[in-house]
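Breakdown of the fold
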Amino acid sequence: MPYTNEEGGRLNNFAQEPKVYQAEPPTAEQKRNYIILGVAATVLVGGLIFVAFSVSHLS
């Protein structure tokens, strides 16, 4: 652990910093997967809303 001595003899313990790297843009396959997951999530939420609406109007 990296310790530093400050004025008055106090020790300070700093967290280890992670490596910084440049993010890479998504590939064509990743973009396709994002679109598929987005459509699936939209269908799921739409279906849940439809079921909730249908059940609430049964009585």
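Predicted, not measured: the structure shown is a model, and the values here were computed from it.

A few words now on the overall build of the chain. Scanning the chain from terminus to terminus reveals one helix and two strands. Ordered by position in the sequence, the α and β elements of the chain form the string β-β-α. Taken against the 2.2 N^0.38 rule, which gives 10 Å for 59 residues, the C-alpha radius of gyration of the chain at 26 Å runs more than 25% over that of a compact globule. Referenced to the eigenvectors of the C-alpha coordinate spread, the extents of the chain come out at roughly 75 × 40 × 15 Å. For the chain, buried positions account for 0% of its 59 residues. Surface accessibility of the chain: about 6100 Å² in total, with carbon and sulfur atoms responsible for 64%. Side-chain charges of the chain comprise 4 positive and 5 negative groups, with the mean position of each set lying 11 Å from the other.

Right, let's talk about the confidence of the model for the chain for a bit. Overall, the predicted model of the chain reaches an average pLDDT of 89, with 97% of residues at or above 70. Per-residue pLDDT, averaged within each element of the chain, yields its smallest value for strand β1 (residues 3-5) (74) and its largest for helix α1 (residues 28-56) (97).

So, on to the environment of N12. Turning to its location among the elements, N12 is positioned in strand β2 (residues 11-13). Take N12: its relative accessible area is 26%, and that puts it in the partly exposed class. Between the alpha carbons of N12 and H57 there is a distance of 64 Å; along the sequence they are 45 residues apart. When neighbours within four sequence positions are excluded, N12 is seen to be in contact with P2, Y3, T4 and E6.

Let us look at a nonpolar patch on the surface. Where nonpolar side chains cluster on the molecular surface, the patch consists of F50, V51, V55 and L58 and spans about 440 Å² of accessible area. You can see V55 is positioned in helix α1.

Rules behind the numbers
Residues numbered from 1 in each chain as written. Predicted model: local features only at pLDDT ≥ 70, side-chain atom pairs only at ≥ 80, totals over all residues. Heavy atoms only, no water. Helix = DSSP H or I, 4+ residues; strand = E, 2+ residues; numbered from the N terminus. Rg over C-alpha atoms; globule rule 2.2 N^0.38 Å. Buried < 20%, exposed > 50% of the residue type's maximum accessible area, 1.4 Å probe, protein only. Areas by Shrake-Rupley, 256 points an atom, 1.4 Å probe, with all protein chains shown as cover. Lys, Arg positive; Asp, Glu negative; His and termini not counted. Charge placed at Lys NZ, Arg CZ, Asp CG, Glu CD. pLDDT = per-residue confidence, 0-100. Contact = heavy atoms within 4.5 Å. Patch = residues over 30% accessible without salt bridge, like charges linked within 9 Å, V, L, I, M, F, W, Y side chains within 5 Å. Salt bridge = Lys/Arg side-chain N within 4 Å of Asp/Glu carboxyl O.

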